[in-house]
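Observations on the model geometry
Spelled out, the chains give:
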Amino acid sequence: MESAIILIFVLGYLGITLEHNLKIDKLIPALVMMALCWAMVALGVDSFSNWFDSGKHALVEGFPGLAHEDKMHLMEETLLHHLGKTAEILVFLLGAMTIVEIIDYFDGFSTIKGYVKTKSKKKILWLFSILAFILSAIIDNLTATIVLISILQKIVKKREDRIWFAGLIIIAANAGGAWSPIGDVTTTMLWIGKKVTTPMLFLYLFIPSVLCMAVPSFIATFLPAFKGDIEVEEREENSKPNKYSATMLYLGLGAIVFVPIFKTVTHLPPYVGMMLSLGVVATFAEIYSRTKFSLTDFDSEELDSHAHHSPVHHSLSKIEMPSILFFLGILMAVAALESLGILFNFADSLKNSIPLMGTELEGTKVSDLVVMLLGVGSAVIDNVPLVAASLGMFSEPLDNELWHFIAFAAGTGGSMLIIGSAAGVVAMGMEKIDFFWYLKKISWLALIGFVVGSLAFMVMRTLL
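Rules used throughout
Residues numbered from 1 in each chain as written. Predicted model: local features only at pLDDT ≥ 70, side-chain atom pairs only at ≥ 80, totals over all residues. Heavy atoms only, no water. Helix = DSSP H or I, 4+ residues; strand = E, 2+ residues; numbered from the N terminus. Contact = heavy atoms within 4.5 Å. 1 Å grid on protein atoms, 1.4 Å probe; cavity = no way out; pocket = protein on both sides within 12 Å on 5 of 7 lines; lining within 4 Å. Points joined across faces, edges and corners; volume = space filled by probe spheres on them. Nonpolar A, V, L, I, M, F, W, Y, C, P; charged D, E, K, R; others polar. Salt bridge = Lys/Arg side-chain N within 4 Å of Asp/Glu carboxyl O. Buried < 20%, exposed > 50% of the residue type's maximum accessible area, 1.4 Å probe, protein only. Expected span 1.5 Å × (residues − 1). Core = buried A, V, L, I, M, F, W, Y, C linked by side-chain atoms within 4.5 Å. Phe/Tyr/Trp six-rings, centres within 6.5 Å; stacked < 30°, edge-to-face > 60°. Lys NZ or Arg CZ within 6 Å of the ring centre and 35° of its normal.

What follows deals with the environment of leucine 253. Relative to the helices and strands, leucine 253 resides in helix 11 (residues 245-266). Apart from the residues within four sequence positions on either side, leucine 253 is in contact with Ile103, Leu135, Ile138 and Ile139.

Moving on, we get to the layout of surface pockets. One number sums up the size of the second largest pocket: a volume of about 830 Å³. Lys85, Met189, Ile192, Gly193 and Lys194 are the residues nearest the centre of the second largest pocket, which is lined by 32 residues in total. Where the lining of the second largest pocket is concerned, the elements lending two or more residues are helix 4 (68-105), helix 9 (185-192), helix 10 (198-220), helix 11, helix 15 (321-339) and helix 18 (383-393). It is helix 4 that provides the largest number of residues to the lining of the second largest pocket, a total of six residues. Classifying every residue of the lining of the second largest pocket by side-chain character gives 15 nonpolar, 11 polar and six charged.

Before going further, it helps to examine the pattern of salt bridges. Evaluated as defined, the whole model comprises four salt bridges. A salt bridge links aspartate 161 to lysine 121; the shortest N-O distance between them is 3.4 Å. You can see aspartate 161 sitting in helix 8 (residues 159-178) and its partner lysine 121 sitting in helix 6 (residues 121-139), a full 40 residues away along the chain. The exposure classification of aspartate 161 matches that of lysine 121, with both residues buried.

With 13 residues, helix 17 (residues 368-380) extends 19 Å between its outermost C-alpha atoms, agreeing within 8% with the 18 Å of an ideal straight helix rising 1.5 Å per residue. For helix 17, the complete set of buried residues consists of Asp368, Val370, Val371, Leu374, Gly375, Gly377, Ser378 and Ala379.

Right, let's talk about the nonpolar core for a bit. By size, the foremost hydrophobic cluster in this structure holds 143 residues, and its most contacted members are Val41, Ile102, Ile139, Phe226 and Ile406. With 13 residues, helix 4 is the single largest residue contributor to this core. Once residues within four sequence positions are removed from consideration, isoleucine 139 is found in contact with Val100, Ala144, Val147, Ile182, Leu253 and Ile256.

A few words now on the packing of aromatic side chains. Here the structure, examined in full by the defined rule, presents 17 aromatic pairs. On the basis of an interplanar angle of 10° and a centroid distance of 6.4 Å, the ring pair of phenylalanine 408 and phenylalanine 450 is categorised as stacked. Placement of phenylalanine 408 in helix 19 (residues 401-413) and of phenylalanine 450 in helix 22 (residues 443-463) is noted, with a sequence separation of 42 residues between them. A residue is classified by how much of its surface remains accessible, and phenylalanine 450, at 2% relative accessible area, is buried. Ring pairing ties together the aromatic residues Phe133, Trp179, Phe202 and Phe206, which thus form one cluster. Positioned above the aromatic ring of phenylalanine 63 is the side chain of lysine 71, whose terminal nitrogen or guanidinium carbon lies 5.0 Å from the ring centre.

On to unusual backbone geometry, then. A positive phi is found at aspartate 107, a non-glycine position, where the angle reads about 60°. Within the secondary structure, aspartate 107 is located in the loop between helix 4 and helix 5 (110-113). Positive phi values are uncommon outside glycine, yet aspartate 399 reaches one of about 65°. Looking at the secondary structure, you find aspartate 399 in the loop between helix 18 and helix 19. For aspartate 399, a relative accessible area of 17% translates into the label buried.

Nothing here speaks to function; it is geometry throughout.
What follows is the structure in structure tokens.
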């Protein structure tokens, strides 16, 4: 039965990685994989020799000797536990994405667009790389990529030029997301899972992340694609900036930044703080939309979609629900493998079979090579399930250097292939970037950034 579950998992992942070849959205194989894996677990619960208790982070003693009813009860409790942990991440993401959409409703990101005064491709490259690095740490790499490519489409007219900028934005956004607890889904998972804390995450990963962004951007400035100038599209004379655009930008970003502070003070899960932030931002959005609203600002189609002029309703309608459902499928499918102890046993064999290239952690030898392979694997598969798997594979304590290296490797390693990260996937969709074009033109830059950042991390941990 375990072999059948693993086979379903592998086939599901093939469906996810080949979504563009199969012309099937990746959320479909993710959800089917999740449902089938748990169905097989329920049907074969009496045949399993191990059961992993995620709460205690250890195998359940005497599991084979338990009665069928006790095993089913344990399975239901485990399923509910994993659903709760997954829901924490999904509710957090929903809050963050809604705040970003509210900012966009008020055209808040036009404030950022106004800073672009140059026509030099090199300067624009550095500007967008730095913006991607900073914004991804505040609003996460997925939404930062969406925002910056949307701005890029208004500034750079030629698609042939834009896809080069988009490629470097992906690298910079993933690098920026790695050192922030709210910058990447995988880092958020480690943070919510109480594996890393915000101060230590910054100390360990800020410099490696900066190098991971800066080195590829520096090399790219010597490439022919970034030589010369571009034609900057001027603002239309008739377009009037929204009166509250800058206010909502700063309010929204400040509200998201407030979340880690709220968690530190109250010790409540991050999604609680995110819901508070969303409530505050939504309140101001509703007030501003009522005090200043003109029918001439929207055409009839947009008017209908604004749900009686409510920015909150409009923003919620624009949330990427396929991404939310994809994460649900992925995380719950990995939870099925974790519950059977498959990941736990795999971790033991992995740690014992690969020669030591790293440090000793509480008497257990963990190889740097394992973590770097995880980073490369996150480009081939997806960094979300790999980090979810690492949570079941390793049992090191809070703020152990292993978790920080995993956060960096999984977050930045996904840049090596365009399907390896959420930022890459969304850029692929927005600009119709070809998989093999990215592999040929951008992947080697991402690899250099990943290796330089990894080496910088190894130096940093000896200093801390």
